[in-house]
Amino acid sequence: METLVTLCTLLSLLFVVRADLVAQFQDVPECMKYFYKSQVPKYQASIPGTARLCQRFANRYHFATLYDTNHRIAVYSAYIFQPSNGGGRERRWFVEPQLVKPSWQAEMKDGYWLGKDHPGVYLGEKQALNEDYTHSGFDRGHLNPNGHHAVPGRNATFTLTNVVPQNPKLNQNAWRIHESQLTELFRDKCSKAYVLVGAVPSAANWIVKNNVKRVNIPDYLWNAFCCLDNNDKPVRGGAAAARNTEDNWVEKLSLDELGEFLQQFSNQPVGELFHNNCMAD
Ligand SMILES: *[C@@H]1O[C@H](CO)[C@@H](O)[C@H](O)[C@H]1NC(C)=O
């Protein structure tokens, strides 16, 4: 009996500890709902040093991120569009306690306070920190945009695992406009929209702090969406990509074109980003 109790405690402990940082997105059913028909893309699924994050804030999940702990930027974030309900902009920047120590809490936490709670522990080994971006000349560019969510999901997008060093002009201009065009499309034409937003890392471009390559400056940002009608039938898929430069230009693509584009940077087949390429079965 005692062994059984111990075993159960151990198992539940394991479950709690692994609720957020998971070996496979499939391990957390609530996390699978951010992928259309629960199909996780094969794209970059096997590159070394990736962490699968079920982004948890205010006691629930909000989206999923495939995070590259070597480049310290996400491969992509996956989410379901929600109309915004206003509210202010989150002022904190969150870090992922479980990327510091797997036994730490499953919820994202204000990096400032996590540091205060654990003096002497370096938080940035496997993730970017707020200080990395300070005076870097780059914006903390959201992948999953805060404007595509209602609070508290909106707050949750302010985790540093969901942002990349983005050219300020692109972030504040062409990419922002692109995001609001998608807002209108999703709000007016889709009953539900699944979205992936990712970054293609550069070979040698980094935010460097104290001679340490801290955060990779991606060459490109991309996104892909699958829009469903109220019978859950896919009605429209689309994509876009932008060079992360002063060019300030977002190229609209089809899902197939995005797949070909991403293939250039991948050793493995990119595969479908959405089940059946977001077409009706
Ligand atoms: C979300 O952000 C808004 C705006 O900063 C803030 O007022 C609110 O308290 C935050 N919600 C939570 C649950 O922290």
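For the structure, check the block above.
These notes cover the structure that comes with them. Note that the structure is predicted; figures quoted are calculated from it, not measured. (Residues numbered from 1 in each chain as written. Predicted model: local features only at pLDDT ≥ 70, side-chain atom pairs only at ≥ 80, totals over all residues. Heavy atoms only, no water.)

### Thoughts on the pattern of salt bridges
Definition in use: Here, a salt bridge means any side-chain nitrogen of Lys or Arg that lies within 4 Å of a carboxyl oxygen of Asp or Glu. Only DSSP runs of H or I covering at least 4 residues are called helices, and only runs of E covering at least 2 are called strands; the numbering of each starts at the N terminus. Burial classes: relative accessible area under 20% of the type maximum marks a residue as buried, over 50% as exposed, and values in between as partly exposed (1.4 Å probe, protein chains only).
Counted under the stated rule, the structure contains 7 salt bridges. Here Lys37 ties to Asp281 by a salt bridge, and the two come within 3.5 Å at their closest N and O atoms. Of this pair, Lys37 sits in the loop between helix H2 (29–32) and strand E2 (50–57) while Asp281 sits in the segment after helix H9 (255–263), placing them 244 residues apart in sequence. Given a relative accessible area of 71%, Asp281 falls into the exposed group. Between Arg92 and Glu90 there is a salt bridge, and its shortest N-O distance comes to 2.6 Å. Classification of Arg92 by relative accessible area gives partly exposed; the value is 36%.

### Observations concerning the state of the cysteines
Operational definition: The disulfide definition used here is simple: a pair of cysteine sulfur atoms within 2.5 Å.
All chains considered together, the criterion is met by 3 disulfides. For Cys226, the disulfide goes to Cys278, at an S-S distance of 2.1 Å. Where Cys226 bonds to Cys278 through sulfur, the torsion about that S-S bond is close to 85 degrees, and the disulfide is right-handed. Residue Cys226 is found in strand E12 (residues 220–228), and its partner Cys278 is found in the segment after H9; the two are separated by 52 residues along the sequence. With respect to class, Cys226 is no different from Cys278; both count as buried. Taken N- to C-terminal, the disulfide-bonded cysteines of the protein are connected 1-2, 3-5, 4-6.

### A few points about the packing of aromatic side chains
We apply this condition: The aromatic pairing rule takes the rings of Phe, Tyr and Trp, using the six-membered ring of Trp, and pairs them if the centres are within 6.5 Å, calling planes under 30 degrees apart stacked, those over 60 edge-to-face and the rest tilted. The criterion for a charge sitting over a ring is simple: Lys NZ or Arg CZ within 6 Å of the ring centre, and within 35 degrees of the ring normal.
Counting across every chain of the model gives 11 aromatic pairs. Note on Tyr112 and Trp113: the rings are 5.0 Å apart at their centroids and 85 degrees apart in plane angle, and the pair reads as edge-to-face. The rings of Phe81, Phe186 and Phe225 are connected pair by pair, giving a single aromatic cluster. The ring of Tyr61 carries Arg56 above its face, with NZ or CZ at 4.9 Å from the centroid.

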